[in-house]
Amino acid sequence: MSETIPVAVLGAAGRMGTEVCKAVGAAPDMELTATVDAGEPLDKAAAARVIVDFTTPGAVMENLRWAIGRGIHAVVGTSGFTEEKFGQVRAWLAEKPGVGVVVAPNFGIGAVLMMEFAAKAARYFESVEIIEQHHPRKLDAPSGTATHTARLIAAARAEAGLATMPDATADEIPGARGADVEGVRVHAVRATGLIAHQEVLFGALGETLTIRHDSLDRASFMPGVLLATREVLTRPGLTVGLAPLL
Ligand SMILES: NC(=O)C1=CN([C@@H]2O[C@H](COP(=O)(O)OP(=O)(O)OC[C@H]3O[C@@H](n4cnc5c(N)ncnc54)[C@H](OP(=O)(O)O)[C@@H]3O)[C@@H](O)[C@H]2O)C=CC1
Ligand SMILES: O=C(O)C1=N[C@H](C(=O)O)C[C@H](O)C1
C-alpha cells in the first residue's frame, strides 16, 4: 500500500476547518497530522506535506509565507485574494520551484460549474448582475466566489467587445446598486439560515437567464478540498480555482 499524505489543517476549529478535519481523517490516502487554531504556533504543522487553510483573509498570507518557505504545499479556501496577493504568492513560489499552491474561491463542484456557465453566457447578454447570499457570520463581502465570477464575466465581456451595461441610475442611497467589481454589480445578502448561495442574473432584449448554485451543507466543499490536496503534490506553482483540476 502506498504512503498516506500527511495533512495539517489551519483554522481547524472553524466551520470549514471542522469539516475538513473530518474529511481528511476519513480519507484512506491521507493522515491528519496537525491542527492549528488561532494563537497556536505554525510549527505544529511542520511535519505536513500539505497544509489546508480555512482561516481568515488577515491570517492566510502569513500562513502561506511560512508553508512555502518550508517546502510545504498548500490548499487554500480562505477568501479575500486580490491580484496583489496572488503576485506575492507567485514571488514566494519562485524561490521554491517544487512547491504547489492551489487557491480556490469555491471548492463546490456545482459552484465551479456555475462560474463556468456564467463565463460562457456572459458574451451573449447586455446586462448581468450577481447576487450572493451567505450566513451572517461571514467576515467578508462580497464573497470570494462572487468576486471571481465577476472577474470571469468581465474578461468574457471584454473579449467579446461588449459595451458598458445600460444603467440610468442618477440618484441612489450609497450601496443600493451593490459593489462594482470590474464593471459587474455584486449584491451581498447576509441572513440567518443561509450557508452559501449565488445567482448570476443575465438580461437581454425580451429575456433573462438565471444561473443559481446553492451549498446547503459544508460537506459540499469536501470532495473538492480532497481532490486539491491530492493534486497539489504534482502541480508546482500557483493554481487559481478548482476548474483546472477537474
Ligand atoms: N473556498 C471555499 O470553498 C470556501 C471558503 N470559505 C472561506 O474560508 C474561510 C473560513 O470560513 P469559515 O470556516 O466559515 O470561518 P470560521 O470563522 O468559522 O473559521 C476560521 C477559523 O480560523 C481561525 N483562525 C484565525 N486566524 C488563524 C490563524 N492565524 N491560524 C489558525 N487559525 C486561525 C479562527 O479562529 P478565531 O475564530 O478564534 O479567530 C476560526 O476558528 C473564509 O474566508 C471563507 O470565506 C468558506 C467556505 C468554503
Ligand atoms: O464564507 C463562506 O461561507 C464561504 N466563502 C467562500 C466565498 O467567499 O466565496 C465560498 C463559499 O461561498 C462559502
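Every value quoted in this text rests on a predicted model; they were computed, and no experiment measured them.

Trainee: Is there a simple way to think about the site of ligand 2 in this case?
Mentor: The full set of residues close to ligand 2 is S79, P105, N106, H134, H135, K138, S143, G144, T145 and A196. Take T145: an N or O atom from its side chain is 2.5 Å from an oxygen atom of ligand 2. Protein chains bury 84% of the 320 Å² of accessible surface belonging to ligand 2 in isolation.

Trainee: Sorry if this is basic, but what is going on with the packing of helix α4 (residues 109-121) against helix α5 (residues 144-160) here?
Mentor: When two helices pack together, their arrangement is given by the angle between the helix axes and the distance between those axes. With their axes 8 Å apart at the nearest point, α4 and α5 run at an angle of 25° to one another. Our classification of the angle between α4 and α5 gives roughly parallel. Crossing handedness for the pair α4 and α5: right-handed. In contact with M114, M115, A118 and A119 of α4, α5 contributes T145, H148, T149, L152, I153 and A156.

Trainee: Which parts of the structure should I look at to understand the site of ligand 1?
Mentor: In the vicinity of ligand 1, 21 residues are found, and the nearest of them are R15, M16, S79, F107 and K138. R15 places a main-chain nitrogen or oxygen 2.8 Å from an oxygen atom of ligand 1. At 3.3 Å, a backbone N or O of A38 approaches a nitrogen atom of ligand 1. Within the shell around ligand 1, the residues separate by chemical class into ten nonpolar, eight polar and three charged.

Trainee: Before we go on, may I ask you to explain the pairing of strand β9 (residues 196-204) in this structure?
Mentor: Two faces belong to every sheet, and in a regular strand the side chains alternate between them. Here strand β6 (residues 127-134) runs beside β9; their pairing, made up of eight bridges, is antiparallel. Within β9, the position partnered with Q133 by the bridge is H197. Relative to strand β10 (residues 207-215), β9 runs antiparallel, the two being bridged by nine bridges. Within the sheet, the bridge partner assigned to A196 lies in β10 and is S215. Between the end of β9 and the start of β10, which pair antiparallel, lie two residues, with G206 showing a positive phi angle near 75°.

Trainee: I keep staring at the UniProt feature "active site" (unreviewed entry) in the protein chain and nothing clicks. Help me out?
Mentor: Following the UniProt record, the feature "active site" (unreviewed entry) maps to H134 and K138 here. Beyond its immediate sequence surroundings of up to four residues, H134 is in contact with S143, V189, R190, A191, L194, I195, A196 and H197. One polar contact links H134 to E132, side chain to side chain, over a distance of 2.9 Å. Note on placement: K138 falls in the loop between β6 and α5. Since its relative accessible area comes to 19%, K138 is described here as buried. Each residue touching K138, except ones within four places of it in the same chain, is listed here: S79, S143 and R190.

Thresholds applied
Residues numbered from 1 in each chain as written. Chains lettered and ligands numbered in written order. Predicted model: local features only at pLDDT ≥ 70, side-chain atom pairs only at ≥ 80, totals over all residues. Heavy atoms only, no water. Near = heavy atom within 4 Å. Polar contact = N/O pair within 3.5 Å; in protein donor to acceptor, adjacent residues only side chain to side chain. Areas by Shrake-Rupley, 256 points an atom, 1.4 Å probe, with all protein chains shown as cover. Axes fitted to C-alpha atoms, helices over the stretch in contact; angles between N-to-C directions. Helix = DSSP H or I, 4+ residues; strand = E, 2+ residues; numbered from the N terminus. Parallel < 35°, antiparallel > 145°, perpendicular 65-115°, else oblique. Left-handed = near helix turned anticlockwise from the far one by under 90°. Contact = heavy atoms within 4.5 Å. Nonpolar A, V, L, I, M, F, W, Y, C, P; charged D, E, K, R; others polar. Pairing = 2+ DSSP bridges. UniProt positions renumbered as here; feature names shortened; annotations may be inferred. Buried < 20%, exposed > 50% of the residue type's maximum accessible area, 1.4 Å probe, protein only.

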